[in-house]
Amino acid sequence: MKRIFHIADTHIGYTAYRRIEEGSGLNQREVDTYNAFTQFINFTVKEKPDAVLHAGDLFDSVRPTNRAISFALSQILRLSEAGIPFVAISGNHESPRLKETGSVFSLFEHIPGVYVVYEGYETIELDDMIIHAVPHCDDIEREKERIRPVKDRFNIGMLHASIKVGGKPVFMMGDLNEQVVSIDSLTGLDYIALGHYHSYTRVRGDAYYAGSTERFSFGEVSDDKGFLELRLLDDGTKEVIFHPLQIREMVDLEPVVCDGLDAHAIKRAIKDRIIECKPDNKVVRLRVLGIPLHVYHSLDFDEFKRLTKHAVHFELKYEFKRDESSSTLNKSTFRSLRSEFERFIDKYTTGVQIDHKRLKELGLEYMRDWEQGD
Ligand SMILES: [Mn+2]
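These figures come from a predicted structure and were not determined experimentally.

### Quick notes on the coordination of the manganese ion
Those protein atoms acting as donors to the manganese ion are D57 (OD), N92 (OD1), H160 (NE2) and H196 (ND1), and they sit at 2.1 to 2.4 Å. Of note, the donors binding the manganese ion are all from one chain and are spaced D-x34-N-x67-H-x35-H. With N92 in the loop between strand 3 (86-89) and strand 4 (114-117) and H196 in the loop between strand 11 (191-195) and strand 12 (201-204), this residue pair connects regions lying 104 residues apart in the sequence. The same class applies to N92 and to H196, which are both buried.

### A closer look at the nonpolar core
In terms of nonpolar packing, the biggest core is built from 30 residues, with I12, F37, F40, V52, F59, F105 and F108 touching the most fellow members. Elements represented by at least two residues in this core include exactly strand 1 (2-7), helix 1 (28-47), helix 2 (66-81), strand 3 and strand 4. Considering each element in turn, this core owes the most residues, 6 residues, to helix 2. When neighbours within four sequence positions are excluded, I12 is seen to be in contact with T33, Y34, F37, L58, F59, D60, A68, F71 and A72. Residues A51, M129, M158 and L228 belong to the second largest nonpolar core, which totals 23 residues.

### Re the sheet that holds strand 13 (residues 207-209)
Ordered in space as 5-6-7-11-13-12, the 6 strands form an open sheet in which the pairing is mixed. One side of each edge strand has no neighbouring strand; the edge strands of this open sheet are strand 5 (122-126) and strand 12. Geometrically, the sheet is characterised by an average inter-axis angle of 20 degrees between neighbouring strands, direction not taken into account. Taken together, the 5 bridges between strand 5 and strand 6 (residues 129-134) define a ladder with antiparallel strand orientation. When the bridges of strand 6 are listed, L126 appears paired with M129.

### A word on the pairing of strand 8 (residues 162-165)
Within a regular strand, side chains alternate between the sheet's two faces. Examined bridge by bridge, strand 8 and strand 10 (residues 180-182) share 3 bridges and lie parallel to one another. Across the sheet, residue S162 finds its bridge partner in strand 10, namely V180. As paired strands, strand 8 and strand 9 (residues 168-170) are joined by 3 bridges and run antiparallel to one another. Residue pairing across strands places I163 opposite V170, the latter belonging to strand 9.

### What to know about the sheet that holds strand 9
With respect to topology, 3 strands assemble into an open sheet ordered 9-8-10, the strand pairing being mixed. On the outer flanks of this sheet lie strand 9 and strand 10, each paired with one strand and no other. Averaged over neighbouring strand pairs, the angle between their axes works out to 40 degrees when direction is ignored.

### Section: the pairing of strand 1
Most of strand 1 is tucked away: 6 of the 6 residues are buried. Because side chains alternate across strand 1, one face comprises the buried residues K2, I4 and H6, and the other comprises R3, F5 and I7, equally buried. In terms of strand pairing, strand 1 meets strand 2 (residues 51-54) through 4 bridges, oriented parallel. Within strand 2, the residue paired with I4 across the bridge is A51. Handedness of the strand 1-helix 1-strand 2 crossover: right-handed.

### Describing the pattern of salt bridges
As a working rule, side chains carrying opposite charge can pair if their charged atoms are close by. Inspection of the entire model under this criterion finds 25 salt bridges. Between R29 and E214 there is a salt bridge; the shortest N-O distance is 3.0 Å. Of this pair, R29 sits in helix 1 while E214 is found in the loop between strand 13 and strand 14 (226-232), placing the two residues 185 residues apart along the sequence. Here the two residues R29 and E214 agree in accessibility, since each one is buried. Of the charged contacts, one joins K317 and E319 as a salt bridge, the two residues approaching to 4.0 Å between their closest N and O atoms.

### Some details on the state of the cysteines
Throughout the structure, instances matching the rule amount to 0 disulfides. Free of any disulfide, C277 has its nearest neighbouring cysteine sulfur in C258, separated by 17 Å.

### What about helix 4 (residues 263-276)?
For helix 4, with 14 residues, the first-to-last C-alpha span of 20 Å sits near the 20 Å given by 1.5 Å per residue. Looking at the packing, one finds that the buried side of helix 4 touches strand 17 (256-257), strand 18 (283-291), helix 5 (293-297), helix 6 (301-307) and strand 19 (313-320). Once helix 4 ends, the next one or two residues include K278, with phi positive near 45 degrees.

Scoring rules and cut-offs
Residues numbered from 1 in each chain as written. Predicted model: local features only at pLDDT ≥ 70, side-chain atom pairs only at ≥ 80, totals over all residues. Heavy atoms only, no water. Donors = N, O, S within 2.8 Å, 3.2 Å for Na, K, Ca; no water. Helix = DSSP H or I, 4+ residues; strand = E, 2+ residues; numbered from the N terminus. Buried < 20%, exposed > 50% of the residue type's maximum accessible area, 1.4 Å probe, protein only. Core = buried A, V, L, I, M, F, W, Y, C linked by side-chain atoms within 4.5 Å. Contact = heavy atoms within 4.5 Å. Pairing = 2+ DSSP bridges. Axes fitted to C-alpha atoms, helices over the stretch in contact; angles between N-to-C directions. Right-handed = clockwise from strand over helix to strand, strands pointing away. Salt bridge = Lys/Arg side-chain N within 4 Å of Asp/Glu carboxyl O. Disulfide = S-S within 2.5 Å. Expected span 1.5 Å × (residues − 1).

Don't take any of this as a statement about function, it's just geometry.
Set out below in structure tokens:
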């Protein structure tokens, strides 16, 4: 039996929110991505699979910090020392727009048993396995067409992209530079290790997304996060097993719907939701829908702050009662900037498909960071 671990979208170097880990002084969410990856490496070194495949977005950005690079390097060296081959393709997050920028993956090139693929299609031979690795690249369709399964070998494909199903792109993340590829013509492989889409998904009997190792947005709140184990059995069949990782709790609370509630009841409902969810050490969002502006202005924000101060992040998101918001919010305040932005995005079209929800989330996140002076 052969055992292969398939992981993806670890986004090492990701940071979010303002919470700092005591002791290290590092951004808590950055530490969380390190912890998830360390957990995976600990398990892998213990289990000694025949290979580890990382299907892209090892790093969160084209230029990870020295700390993120040195962390990844130290963990990957542990695999090398344990004699476990590690194959990684670059994803859209770590691929530079210009070739001249160079890839952070080149740093990993000369480590024994470590294979990094970041320019175009390459094959890697590991005993009786052929890995057909296609990184994120400009013409991913053409690179993918170069895959030729080799007879009497285990053939495994690797891709970092969204997938076309019935001609339609699915498994999109809403990144500006994401690639979409059709796998209809990819047959004769024993397995295709996919990266990019953050929810662990069986796309086809032979093609799986491992999903990300952390929850990177409230859109991923209900996902289990982890990695996949592919078992190629001696009788020619295979098994795919999901291994969950222990990660930080993320909660999207049931919204407070203000319609029909008076000011007192609205305040009570918000406070109750906060207390009931025990926000300490969690990432939480609470949406307050249809709140009249005068009630909003009478809320005790200091109390909410006090109740949520031990959360890693507590997002209170207010949506104002329609008619009032349009007349009052046009005055120049942060709130009006936000609601103007949201309204703008709702109406924004470019002729290509865009993920309005994600675009809005990103924009609001940038505004929040800016307001908080990060
Ligand atoms: Mn990606």
